[in-house]
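# Overview (structure and organization)
Okay, here's what each chain looks like letter by letter:
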Amino acid sequence: MEQADAEVIIENERVRVTAWTFAPGQATGMHRHELDYVVVPVSGGTFTVTAPDGTTAEMQQEAGRAYARSAGAEHDVAVAGPRQAMFVEVELKP
């Protein structure tokens, strides 16, 4: 699967802010979150989340409805719909 576009917008001693833009069929690639993080959906959309063991779950993002996750999450996130999708990820440094 093709890699989504990840643009680091801000990085300092407290946070790393990355804008993720997905064309149809693009994904983050399998990764592990080393930091707690907040996701702010910009466009909303449907994503397929794949765990390391291959199990999948569908996730619906709603534009502007942020959510937080703890460090340690490991997954690949792929846009599931036919439209471009975007979210902003804010990683919280210790």
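You'll find the structure just up there.
Okay, so let's go over this structure. The structure displayed is predicted, hence computed values, not measured ones.

## Considerations on the side chain of Q26
Secondary-structure assignment places Q26 in strand β4 (residues 26-27). Among the polar contacts listed, one links the side chain of Q26 to the backbone nitrogen of A23, at a separation of 2.8 Å. Setting aside its immediate chain neighbours within four residues, Q26 contacts M1, E2, Q3, A4, D5, T21, V77, A78 and V79.

## Some points on the pairing of strand β2 (residues 5-11)
In the sheet, β2 pairs with strand β3 (residues 15-22) via 6 bridges, with the strands oriented antiparallel. Pairing of I10 across the sheet is with V17, part of β3. Hairpin connection of β2 to β3: 3 residues between the antiparallel strands.

## What about the nonpolar core?
Core analysis: the largest hydrophobic core is formed by 12 residues, namely A4, W20, F22, Y37, V39, F47, V49, M59, V77, V79, A85 and F87. Those elements that provide at least two residues to this core are β3, β6 (36-41), β7 (45-50), β10 (74-79) and β11 (85-92). Among residues more than four places away in sequence, those in contact with A85 are W20, T21, F22, S43, G44, F47 and V79.

## Some details on the sheet that holds β3
In spatial order, the strands read β2-β3-β11-β6-β9; together these 5 strands make up an open sheet with antiparallel pairing. Looking along the sheet, the strands with just one partner apiece sit at the ends: β2 and β9 (67-69). Going across the sheet, the axis of each strand differs from the next one's by a mean of 20°, ignoring polarity.

## Here we look at the environment of R69
Residue position: R69 is located in strand β9. With relative accessibility at 40%, the residue R69 sits in the partly exposed group. C-alpha of R69 to C-alpha of D36: the two residues are 33 residues apart in sequence and 6.0 Å apart in space. Discounting chain neighbours no more than four positions away, the residues touching R69 are D36 and Y37.

## Observations concerning the pattern of salt bridges
By the definition in use, this model includes 4 salt bridges. With a shortest N-O distance of 2.9 Å, K93 and E11 are connected by a salt bridge. With a gap of 82 residues between them, K93 in the segment after β11 and E11 in strand β2 connect regions that are remote in the sequence. Judged by relative accessible area, K93 falls into the partly exposed class, the value being 22%. Take E11: its relative accessible area is 45%, and that puts it in the partly exposed class. Its salt-bridge partner being E34, residue R32 comes within 3.5 Å of it at the nearest N-O pair. Classification of R32 by relative accessible area gives partly exposed; the value is 46%. Overlapping salt bridges, with partners in common, bring together E11, R16, E91 and K93 in one network.

How each quantity is defined
- Residues numbered from 1 in each chain as written.
- Predicted model: local features only at pLDDT ≥ 70, side-chain atom pairs only at ≥ 80, totals over all residues.
- Heavy atoms only, no water.
- Helix = DSSP H or I, 4+ residues; strand = E, 2+ residues; numbered from the N terminus.
- Polar contact = N/O pair within 3.5 Å; in protein donor to acceptor, adjacent residues only side chain to side chain.
- Contact = heavy atoms within 4.5 Å.
- Pairing = 2+ DSSP bridges.
- Core = buried A, V, L, I, M, F, W, Y, C linked by side-chain atoms within 4.5 Å.
- Buried < 20%, exposed > 50% of the residue type's maximum accessible area, 1.4 Å probe, protein only.
- Axes fitted to C-alpha atoms, helices over the stretch in contact; angles between N-to-C directions.
- Salt bridge = Lys/Arg side-chain N within 4 Å of Asp/Glu carboxyl O.

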